[in-house]
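# Residue-level structural notes
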Amino acid sequence: MHKPVFITFFNIWSQYAFNHLVLFVSLLIVCSSLPSLFCLPFMAPIFSLFLSFVMLSWSIAQGQGPPSPGYSPSTSVRTVKFDQVFRNLWGPQHQRADQDSITIWLDKTSGSGFKSIQPYQSGYFGAAMKLQPGYTAGVITSFYLSNNEDHPGNHDEIDIEFLGTTPDELYTLQTNVYIKGSGDGNIIGREMKFHLWFDPTQDFHNYAALWTPSEIIFFVDDVPIRRYTRKSEATFPTRPMWVYGSIWDASTWATDNGRYKANYNYQPFVGRYTNFKISGCIAGGPASCRPPSVSPSDTGSLSQQQLAAMNWVQRNYLVYDYCQDPKRDHGQIPEC
């Protein structure tokens, strides 16, 4: 996968600045033995160019993040305690929870996962996550909605998944939507993959998905990064789903299509979750229930400022779009 355009651009400018620094120092050495009047006409413009490149590189470095979306939907959703909403699903010996957070890990014996107590029909589902640094190839750390246990082989899913990586590469955030996922024997994913404008191993960052009857929106630190709209019942999940978190070995496909596998010399692989934001309509609940709005307007639609932020992220950090993949059978993904 290629690096984000913005980071590549920054690296090019940085190389220019370095080259001009080398030229400036070289001229300074040569000019030390020559009359100053001879050197000044050459030194001044080169030094000026060097300063310009340094300032531009600095401003780029300071501005790698997206423009402000103008609204933070997570602030309108209350934080819930882990044990109020979730229970252990598997790997209890690889799980450490308190009221506000949970740590799960994978080693060669097992991974771990948790599941919500209730299924939901729609809502806003978010958590702050911090990822493992270093070699994590083959490892998936996820937060997602699914009804796989209710509809095995024919399930729906809304995924926020981090694909493990090697130390010289960036983490990939994969967003995905399944609709009656593999009922015909073929898994039909709708993946959009992103790199991030920060290092997700250094601190907690907020990741969320809004699921309404008409659209699904994925957020990173309140910045919308993807919007999946309902174009037909056949291409949109409508059945109740549970909320999950897990860490597991997906060596067959997770990193560079399975080229790099999980290496248990680096175990344990740890995923940390906190600041859970859950505001959903419970399955079987009142018909009047509505998911929260994620924009300044009560209509729920993204504002123009939010759309501009999302478009900026997709221009600069999107690294895969299933709709643009010529290897995909577009007869299976008519929404494209």
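Note that the coordinates shown come from a computational prediction; the quantities given were computed from them, not determined experimentally.

### Focus: the overall build of the protein chain
In terms of regular secondary structure, the protein chain is built from 4 helices and 16 strands. Residues classed as buried in the protein chain amount to 51% of the 336 residues present. Relative to all contacts within the protein chain whose residues are 6 or more apart in sequence, the contacts with residues 24 or more apart total 70%. Taken as a whole, the protein chain presents about 16300 Å² of accessible surface, with 55% of it coming from carbon and sulfur.

### Structural notes on the state of the cysteines
Going through the model one piece at a time under the given rule, you end up with 2 disulfides. There is a disulfide in this structure between Cys281 and Cys289, and the S-S distance comes to 2.1 Å. Note on the Cys281 and Cys289 pair: the S-S dihedral is about -90°, so by sign convention the disulfide is left-handed. Under the relative-accessibility criterion, Cys281 is labelled buried at 5%. Looking at Cys289, the relative accessible area reads 29%, which means it is partly exposed. The disulfide partner of Cys323 is Cys336, and the S-S distance across this bridge is 1.9 Å. One disulfide, between Cys323 and Cys336, carries an S-S torsion of -75° and so falls in the left-handed class. In this pair, Cys323 is assigned in the segment after β16 (318-321) and Cys336 in the segment after β16, connecting sequence segments 13 residues apart. Judged by relative accessible area, Cys336 falls into the partly exposed class, the value being 41%.

### Quick word on the packing of aromatic side chains
The relative placement of two aromatic rings is captured by the distance of their centres and the angle of their planes. Scanning all chains against the criterion turns up 20 aromatic pairs. Ring geometry for Tyr124 versus Phe219: centroids 6.4 Å apart, planes at 50°, classification tilted. Of this pair, Tyr124 sits in strand β6 (residues 120-130) while Phe219 sits in strand β12 (residues 215-220), and the two are 95 residues apart along the sequence. A single burial state applies to Tyr124 and to Phe219, both of which are buried.

### Considering unusual backbone geometry
A cis amide bond, omega 0°, links Gln267 with the succeeding residue Pro268. Assignment of secondary structure puts Pro268 in the loop between β14 (242-249) and β15 (269-282). In the Ramachandran plot, Asp256 falls in the positive-phi region, its phi being about 55° despite a non-glycine side chain.

### Regarding the side chain of Asp156
Its place among the elements puts Asp156 in the loop between β7 (139-146) and β8 (157-163). At 2.8 Å, the side chain of Asp156 forms a polar contact with the backbone nitrogen of Lys180. A polar atom in the side chain of Asp156 sits 2.7 Å from the side chain of Arg239. Look past the residues within four positions of Asp156 in its chain and what remains in contact with it is Leu145, Ser146, Asn147, Tyr178, Ile179, Lys180, Pro237, Arg239 and Met241.

Cut-offs used in this document
Residues numbered from 1 in each chain as written. Predicted model: local features only at pLDDT ≥ 70, side-chain atom pairs only at ≥ 80, totals over all residues. Heavy atoms only, no water. Helix = DSSP H or I, 4+ residues; strand = E, 2+ residues; numbered from the N terminus. Buried < 20%, exposed > 50% of the residue type's maximum accessible area, 1.4 Å probe, protein only. Contact = heavy atoms within 4.5 Å. Areas by Shrake-Rupley, 256 points an atom, 1.4 Å probe, with all protein chains shown as cover. Disulfide = S-S within 2.5 Å. Phe/Tyr/Trp six-rings, centres within 6.5 Å; stacked < 30°, edge-to-face > 60°. Polar contact = N/O pair within 3.5 Å; in protein donor to acceptor, adjacent residues only side chain to side chain.

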